[in-house]
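# Coordinate analysis (summary)
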Protein chains: 2
Amino acid sequence: MSPWLDAVRWNADGLVAAIAQDAATDRVLTLAWMNREALERTAATGEAHYWSRSRKKLWRKGEQSGHVQAVREIRLDCDGDAILLRVEQAGGIACHTGHERCFFKKLEKDAWHDVEPVLKDPKAIYGDG
Amino acid sequence: MSPWLDAVRWNADGLVAAIAQDAATDRVLTLAWMNREALERTAATGEAHYWSRSRKKLWRKGEQSGHVQAVREIRLDCDGDAILLRVEQAGGIACHTGHERCFFKKLEKDAWHDVEPVLKDPKAIYGDG
């Protein structure tokens, strides 16, 4: 019933990698994973949904933090095993660490350096307990 | 000897996902995979190396096509399981299909549509046989 979902090459775990890129700044925010339901709901609702591999559950991005991602565009790559979302990031924070985005570690002189600030304390995002 | 390589959370196959983003245009070009050697060589040489899952071999991007990627920056994400490269894309073509990038299929009305042109015939890139 959904040929466009069948066109995705789901991996052995039924997942596909999904890149979220900020539609306003073009910055790459996150790499997450989607199962079929996550991609279907993302397209249907216009809000990014992912599959949490650690919690093994569907997850509407921002359901706890409020940092939802409004999806402006959904792309698939040439061989069907990667998704690219262009999103409007609520709160300007995509990462659970309170950084704007997950890619805040830069390789310099054979070491990873945090080169972007924490914008909000995770305790203030998720609560203390 | 290489703590920065040990900081990467390699998956069960010894791989990490690597996003290549054009340093000039900010466009997301590809999602590929790296093993430890690919990441080490990328950092050492300043040219993107990946692991080809289909051919099961290390692959210097552009070794056949000439479409090498000069790496300007290497980033790691918050939980260590995704890499972001900022690259200068030789020839302006990252995709083996001859498109500028792999993400040329856009979801519109429940179907994927090719919305970006083929810049060069793959036969002209790779030869005819």
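Description of the structure in this document. Worth saying up front: this structure is predicted, and the values here are computed from it rather than measured. (Residues numbered from 1 in each chain as written. Chains lettered and ligands numbered in written order. Predicted model: local features only at pLDDT ≥ 70, side-chain atom pairs only at ≥ 80, totals over all residues. Heavy atoms only, no water.)

### A closer look at the relation of the copies chain A and chain B
The line we're drawing: C-alpha atoms of residues with pLDDT of at least 70 in both copies form the basis for the least-squares superposition of the copies. For this analysis, residues touch if any pair of their heavy atoms sits within 4.5 Å.
The two copies are related by a screw motion: chain A maps onto chain B through a turn of 180 degrees and a shift of 0.0 Å along the axis, at an RMSD of 0.0 Å. The transformation just described matches what one would write down for a two-fold rotation axis. Closest approach to the rotation axis within chain A is made by the C-alpha atom of A:Asp26, at a distance of 3.0 Å. A shared interface surface links the copies, since 100% of the contact residues of chain A are contact residues in chain B too.

### Brief notes about the interface of chain A and chain B
Interface size is often expressed as the accessible area that is lost when the parts come together. For clarity, the cut-off: Here the quantity called buried area is the accessible surface, traced with a 1.4 Å probe, that two parts lose on coming together, added over both. By definition here, a salt bridge exists when the distance from a side-chain nitrogen of Lys or Arg to a carboxyl oxygen of Asp or Glu is within 4 Å. Pairs of N or O atoms within 3.5 Å make up the polar contacts considered here, provided that, within protein, one atom can donate a hydrogen while the other can accept it, and that residues adjacent in sequence are counted only when both atoms are side-chain atoms. Put simply, DSSP H or I for four residues or longer makes a helix, DSSP E for two residues or longer makes a strand, and each gets a number counted from the N terminus.
Of the residues lining the interface, 38 residues belong to chain A; the matching set on chain B comes to 38 residues. With both chains or domains summed, chain A and chain B bury close to 3300 Å², and 66% of this area falls on carbon and sulfur atoms. Of all residues in chain A, A:Arg75, A:Cys78 and A:Trp112 bury the most surface against chain B, accounting for 22% of the area lost on that side. Across the pair B:Arg53 and A:Asp81 runs a salt bridge, and its minimum N-O distance is 2.7 Å. Where chain A meets chain B, there are 18 residue pairs in polar contact (both at pLDDT 80 or more). Of all the elements in the fold, those that place two or more residues in the side of chain A that touches chain B are β1 (16-22), β2 (28-34), β5 (69-76), β6 (82-89), β7 (105-108) and β8 (111-114) of chain A. With four residues, the single largest contributor to the side of chain A that touches chain B is β5(A).

### So, the side chain of A:Lys105
How we decide: The buried label goes to any residue with under 20% of its type's maximum accessible area, the exposed label to any with over 50%, and the partly exposed label to all in between, with areas taken from a 1.4 Å probe on protein chains only. The charged-residue count follows a simple rule in which Lys and Arg add positive charge and Asp and Glu add negative charge, with His and chain termini not counted at all.
Mapped onto the fold, A:Lys105 is located in strand β7. For the buried residue A:Lys105, which engages in no salt bridge, the nearest side chain bearing the opposite charge is A:Asp114, 5.4 Å off. In terms of polar contacts, A:Lys105 uses its side chain to reach the backbone carbonyl oxygen of B:Cys78, at 3.3 Å. When sequence neighbours within four positions are dropped, the list of residues in contact with A:Lys105 reads A:Trp112, A:His113, A:Asp114, B:Ile74, B:Arg75, B:Leu76, B:Asp77 and B:Cys78.

### Some thoughts on unusual backbone geometry
All names here are of chain A. One non-glycine residue, Asp-26, lies in positive phi territory at about 70 degrees. Its location among the elements puts Asp-26 in the loop between β1 and β2. Phi at Lys-56 takes a positive value of approximately 50 degrees, unusual for a residue other than glycine. Tracing the sequence through the fold places Lys-56 in the loop between β3 (49-52) and β4 (57-60). Accessibility expressed as a relative area gives 62% for Lys-56, which makes it exposed.

### Let's talk about the pairing of β5(A)
Selection rule: Pairing between two strands requires that DSSP report at least two bridges joining them.
Burial analysis of β5(A) places six of its eight residues in the buried class, which makes it a mostly covered element. Linkage of β5(A) to β6(A), two consecutive antiparallel strands, is achieved through a turn of five residues, within which A:Gly80 is found at a positive phi near 80 degrees.

### Remarks on the pattern of salt bridges
Oppositely charged side chains can form a pair if their charged atoms are brought close together. All names here are of chain B. Following the criterion strictly, the structure yields 32 salt bridges over all chains and no others. The shortest N-O distance in the salt bridge between Arg-60 and Glu-47 comes to 3.1 Å. In this pair, Arg-60 sits in strand β4 (residues 57-60) while Glu-47 sits in the loop between α2 (36-45) and β3 (49-52), placing the two residues 13 residues apart along the sequence. You can call Arg-60 partly exposed: its relative accessible area is 29%. Here Glu-47 falls in the partly exposed class, since its relative accessible area comes to 26%. Note that Glu-73 is salt-bridged to Arg-75, the shortest N-O span being 2.9 Å.

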